[in-house]
Number of protein chains: 2
Amino acid sequence: MIRTPYLLFLGDAPDNLAAKVAQGIADWNPENVVGQFRMDGCNADAGVQDLSLQEAYDKGARTLVVGVANRGGMISEGWLRVLAEAMEIGFDLASGLHNLLRDEDLLKATSARSGATLHDVRIPSVAYPIANGLKRSGKRCLAIGTDCSVGKMYTGLAMDTEMQKRGMKSTFRPTGQTGILITGKGVPLDAVVADFMAGAVEWLTPDNDEDHWDHIEGQGSLFHISYSGVTMALIHGGQPDALILAHEPTRTHMRGLPDYGLPTLEQLRDTALPIARIANPACEVAGVSVNTKALGDDEAARLCEEIEARMGIPTVDPFRHGAARLVDALVALG
Amino acid sequence: MIRTPYLLFLGDAPDNLAAKVAQGIADWNPENVVGQFRMDGCNADAGVQDLSLQEAYDKGARTLVVGVANRGGMISEGWLRVLAEAMEIGFDLASGLHNLLRDEDLLKATSARSGATLHDVRIPSVAYPIANGLKRSGKRCLAIGTDCSVGKMYTGLAMDTEMQKRGMKSTFRPTGQTGILITGKGVPLDAVVADFMAGAVEWLTPDNDEDHWDHIEGQGSLFHISYSGVTMALIHGGQPDALILAHEPTRTHMRGLPDYGLPTLEQLRDTALPIARIANPACEVAGVSVNTKALGDDEAARLCEEIEARMGIPTVDPFRHGAARLVDALVALG
């Protein structure tokens, strides 16, 4: 539905975390990425070629993907000028922001004139049911974090990739805009109406072969007061058989909440597991996924060893070390 | 905004729980209720006079309030005929159902012809912010349940009424359609988009005098997999100083989920309190509210005594015994 390949729009992202959508697409769907477009003041880098709009179009890019998230999802005046110019050149636009492309007068008018398509992947396109809690066949794994933006999506994608490599049955199930832009489908869970959140997750992860694994993309954190309700709905709608604890070791406070400290991995485990067992009494915490991007190789390895000794479950950075040991842990659950 | 007094529409409610909206209005806003309208097959009774549409109109009723909830909020053909007839007689309509009055062709057409107003109180009318977690002044109390529909709203209303009687500063803060229909304002939380749930609760319970209590209407249950995300957002957005545990002793399984048993009050306390202390480290479980509607006087008194001995906190049915001891418990928190 969305024309490929993409040019990634990083805007004036203040840091790499703000551009995690672009980074996710560049990492997991590189064959569909021509390059990135950065504005003055941009401090993010998705690690692909910097191109002007025209250069990217000439290299074949057909959709400019908004790969940067702002708190609250506002579209600034500066962004609007670039997005409109891209449509004049011939690009379609795709975005997962709360603030919709289609709600911006300039973009709507330019789209009408140029014939460009506006893809707002944030918007649910399905009337999701209320969750019924019925036990579903097949297996499900969910990554839950000590904070938001600690690597839950990467963990799911890496485990799915590893299972595919082994010839196992598995599917990555996106619940956010990056995952949807990578795979082309999913549930934009943070835009679903409250009563239907858990039902949307049930819908996303239906009955399947008994030896099939869904890797459900996690959202928020039980300990992040802004989004904990979304995490809760993922746990109860997903009825996971396995939880993976996700952690970023350099975070000093909860993202966007300077007054809130992070929980320990033990606190996360002890809070989440009883909650998960309401929906699936067989649920186990199977492993720990550490986002070691900010650490050197030795430091990363030492930290994973230390956490593994403490927690007694396989601990890796799936992006750095691969997800093999996490997949082994799921296989061991039977 | 909604014209009073009301005629309560109970439809063909299969039981009193399905008509809890009508019952809530009859109990807490009786001066604005003329009577009830019941269809064939209705097994609910709000305890007010049965009237035909015309009789109620002649007695002064000006709004027919849909006081019955269906799972998923569907409006049946049989209901539509009655609602349209009411508008022809001169009534406005008010409803908190998910399925909007304004989305029904027959009702929209009849409303346009008759001049009747359609009030869909389910729909949020405010662009709520993302929760910021900042500590707010004033005190807040939230009732949380072992299940849905166990008396959380009644508990909040009764405690607010008791505080008003004592001349204390307090406000009931509705988060559901019944509360909104009773007080005329509030947040229809189960219709709010996921990312803004906790922010909507912050918006509903702003800074206030240090000796002012907000009684936040609870929703769902941490143990009800369909709605637990909404409950989570109430706990983290409301940052309550006090939790009241709400329980209905005759429930044999979670409402609408035959395979799910109820938690004990101890499990509810031990699950909820650590979660609440993420947002407010000073939070305490202050009391237990038991819905003893199905029990005789002696049995109700014995059960409350037994729970109080077990849990070590004041335990009453606020509707039967009054909320004085629960209010005393809040006062004792300081």
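In the block above lies the structure referred to throughout.
Below: a short report on this structure. (Residues numbered from 1 in each chain as written. Chains lettered and ligands numbered in written order. Predicted model: local features only at pLDDT ≥ 70, side-chain atom pairs only at ≥ 80, totals over all residues. Heavy atoms only, no water.)

Let's talk about the packing of aromatic side chains
In step 1: Across all of its chains, the model carries 14 aromatic pairs over all chains by this definition.
In step 2: A centroid spacing of 5.7 Å and a plane angle of 75° characterise the contact between Trp28(A) and Tyr154(A), whose relative ring orientation is edge-to-face. Placement of Trp28(A) in helix H1 (residues 20-28) and of Tyr154(A) in helix H5 (residues 152-165) is noted, with a sequence separation of 126 residues between them.
In step 3: On the basis of relative accessibility, which here comes to 17%, the residue Tyr154(A) falls in the buried class.
In step 4: Seen from their ring centres, Trp28(B) and Phe319(B) are 6.2 Å apart, and the 55° between their planes marks the pair as tilted. With Trp28(B) in helix H1 (residues 20-28) and Phe319(B) in helix H11 (residues 318-321), this residue pair connects regions lying 291 residues apart in the sequence.
In step 5: Residue Phe319(B) is classed as partly exposed on the basis of its relative accessible area of 49%.
In step 6: Among the aromatic residues, those joined into a cluster by ring pairs are Phe9(A), Phe37(A) and Trp79(A).
In step 7: For the cation-ring pair, Arg62(A) lies above Tyr57(A), with the distance from its terminal atom to the ring centre recorded as 3.9 Å. (Phe/Tyr/Trp six-rings, centres within 6.5 Å; stacked < 30°, edge-to-face > 60°. Helix = DSSP H or I, 4+ residues; strand = E, 2+ residues; numbered from the N terminus. Buried < 20%, exposed > 50% of the residue type's maximum accessible area, 1.4 Å probe, protein only. Lys NZ or Arg CZ within 6 Å of the ring centre and 35° of its normal.)

Concerning empty space enclosed by the protein
Residue and element names in this part refer to chain B.
In step 1: Scanning all chains against the criterion turns up 3 cavities of 30 Å³ or more.
In step 2: Estimated volume of the largest cavity: approximately 50 Å³.
In step 3: Surrounding the largest cavity, Cys141, Leu142, Ala143, Lys152, Thr155, Gly156, Met159, His215, Ile216 and Ile244 form its lining.
In step 4: Going through the elements one at a time, strand E6 (139-145), helix H5 (152-165) and strand E8 (212-216) are the ones with two or more residues in the lining of the largest cavity.
In step 5: Residue contributions to the lining of the largest cavity peak at 4 residues, all from H5.
In step 6: Of the residues belonging to the lining of the largest cavity, the class tally is 6 nonpolar, 3 polar and 1 charged. (1 Å grid on protein atoms, 1.4 Å probe; cavity = no way out; pocket = protein on both sides within 12 Å on 5 of 7 lines; lining within 4 Å. Points joined across faces, edges and corners; volume = space filled by probe spheres on them. Nonpolar A, V, L, I, M, F, W, Y, C, P; charged D, E, K, R; others polar.)

Here's the deal with the relation of the copies chain A and chain B
In step 1: With an RMSD of 0.0 Å, chain A superimposes on chain B once it is rotated by 180° and translated 0.0 Å along the axis. Taken together, the rotation angle and the small translation identify this as a two-fold axis.
In step 2: Most of the interface of chain A is mirrored in chain B, where 100% of its interface residues are also at the interface. (Least-squares fit on C-alpha atoms with pLDDT ≥ 70 in both. Contact = heavy atoms within 4.5 Å.)

A short note on the pattern of salt bridges
Residue and element names in this part refer to chain B.
In step 1: What the rule picks out here adds up to 40 salt bridges over all chains.
In step 2: Here arginine 251 ties to glutamate 248 by a salt bridge, and the two come within 3.5 Å at their closest N and O atoms.
In step 3: Under the relative-accessibility criterion, arginine 251 is labelled buried at 17%.
In step 4: By relative accessible area, which is 8% here, glutamate 248 ends up buried.
In step 5: Ionic pairing is found between arginine 310 and glutamate 266, a salt bridge with its closest N-O pair at 2.9 Å. Of this pair, arginine 310 sits in helix H10 (residues 297-311) while glutamate 266 sits in helix H9 (residues 265-279), placing them 44 residues apart in sequence.
In step 6: Owing to a relative accessible area of 42%, arginine 310 belongs among the partly exposed residues under this scheme.
In step 7: For glutamate 266, a relative accessible area of 23% puts it in the partly exposed group. (Salt bridge = Lys/Arg side-chain N within 4 Å of Asp/Glu carboxyl O.)

A short note on the environment of Gly184(A)
In step 1: Residue position: Gly184(A) is located in the loop between helix H6 (177-183) and helix H7 (197-204).
In step 2: Considered as a pair, Gly184(A) and Pro174(A) are 10 residues apart in the sequence and their alpha carbons are 9.1 Å apart.

Re the interface of chain A and chain B
As a measure of interface size, the accessible area lost when the parts come together is often cited.
In step 1: With 39 residues of chain A at the contact, the number on the chain B side is 39 residues.
In step 2: In total, about 3,000 Å² of surface goes out of reach between chain A and chain B, with carbon and sulfur atoms giving 63% of it.
In step 3: Its largest share of buried area at the contact with chain B, chain A owes to Asp195(A), Ile225(A) and Ile278(A), together 19% of the area lost on that side.
In step 4: On inspection of chain A and its partner chain B, the count reaches 0 salt bridges.
In step 5: Remark: the boundary between chain A and chain B carries 10 residue pairs in polar contact (both at pLDDT 80 or more).
In step 6: Listing elements by their share of the side of chain A that touches chain B, those giving two or more residues are H7, helix H8 (228-238) and helix H9 (265-279) of chain A.
In step 7: Looking at the side of chain A that touches chain B, the element that brings in the most residues is H8(A), giving 6 residues. (Buried area = accessible area lost by both parts, 1.4 Å probe. Polar contact = N/O pair within 3.5 Å; in protein donor to acceptor, adjacent residues only side chain to side chain.)

As for the environment of Ile275(A)
In step 1: Structurally, Ile275(A) can be placed in helix H9.
In step 2: Considered as a pair, Ile275(A) and Ile235(A) are 40 residues apart in the sequence and their alpha carbons are 7.7 Å apart.

Focus: H9(A)
In step 1: With 15 residues, H9(A) ought to run about 21 Å at 1.5 Å a step, and its terminal C-alpha atoms sit 22 Å apart, in line with that.
In step 2: The inward-facing, buried residues of H9(A) abut strand E6 (139-145), H8, strand E9 (242-247), strand E10 (284-290) and helix H10 (297-311) of chain A together with H9 of chain B. (Expected span 1.5 Å × (residues − 1).)

Things to note about the sheet that holds E10(A)
Two strands in a sheet stick together by hydrogen bonds in their backbones, pointing the same way (parallel) or opposite ways (antiparallel).
Residue and element names in this part refer to chain A.
In step 1: Taken together, 6 strands build an open sheet; the order of strands is E7-E8-E6-E9-E10-E11 and the sheet is parallel. The open sheet has two edge strands with one neighbour each: strand E7 (169-173) and strand E11 (315-316).
In step 2: Bridging between E7 and strand E8 (residues 212-216) involves 5 bridges; their strand directions are parallel. Bridging from a neighbouring strand, lysine 169 pairs with histidine 212 of E8.
In step 3: Sitting on the sheet, H5 is in contact with E6, E7, E8, E9 and E10, with an inclination near 160° to E7.
In step 4: Across the sheet, H8 touches E6 and E8, and the angle it forms with E6 is around 165°. (Pairing = 2+ DSSP bridges. Axes fitted to C-alpha atoms, helices over the stretch in contact; angles between N-to-C directions.)

Let's talk about the nonpolar core
In step 1: Ranked by size, the top nonpolar core spans 100 residues in total, and within it Leu189(A), Leu243(A), Leu189(B) and Leu243(B) carry the most contacts.
In step 2: Filtering out sequence-adjacent residues up to four positions away, Leu243(A) remains in contact with Leu142(A), Ile144(A), Ala272(A), Leu273(A), Ala276(A), Cys283(A), Glu284(A), Val285(A), Ala286(A) and Gly287(A). (Core = buried A, V, L, I, M, F, W, Y, C linked by side-chain atoms within 4.5 Å.)

Some words on the environment of Glu85(B)
In step 1: With respect to the helices and strands, Glu85(B) occurs in helix H3 (residues 77-89).
In step 2: Between the alpha carbons of Glu85(B) and Lys59(B) there is a distance of 17 Å; along the sequence they are 26 residues apart.

Description of the sheet that holds strand E1 (residues 6-11) of chain B
All names here are of chain B.
In step 1: Here we have 5 strands laid out as an open sheet, ordered E2-E1-E3-E4-E5, and parallel in their pairing. The open sheet terminates on both sides in strands that have one partner only, identified here as strand E2 (33-38) and strand E5 (118-120). Along the sheet, successive strands turn relative to each other by an average axial angle of 20°, direction set aside.
In step 2: Across 3 bridges, the pairing between strand E4 (residues 92-95) and E5 is parallel. Paired with alanine 94 across the strands is histidine 119, a residue of E5.

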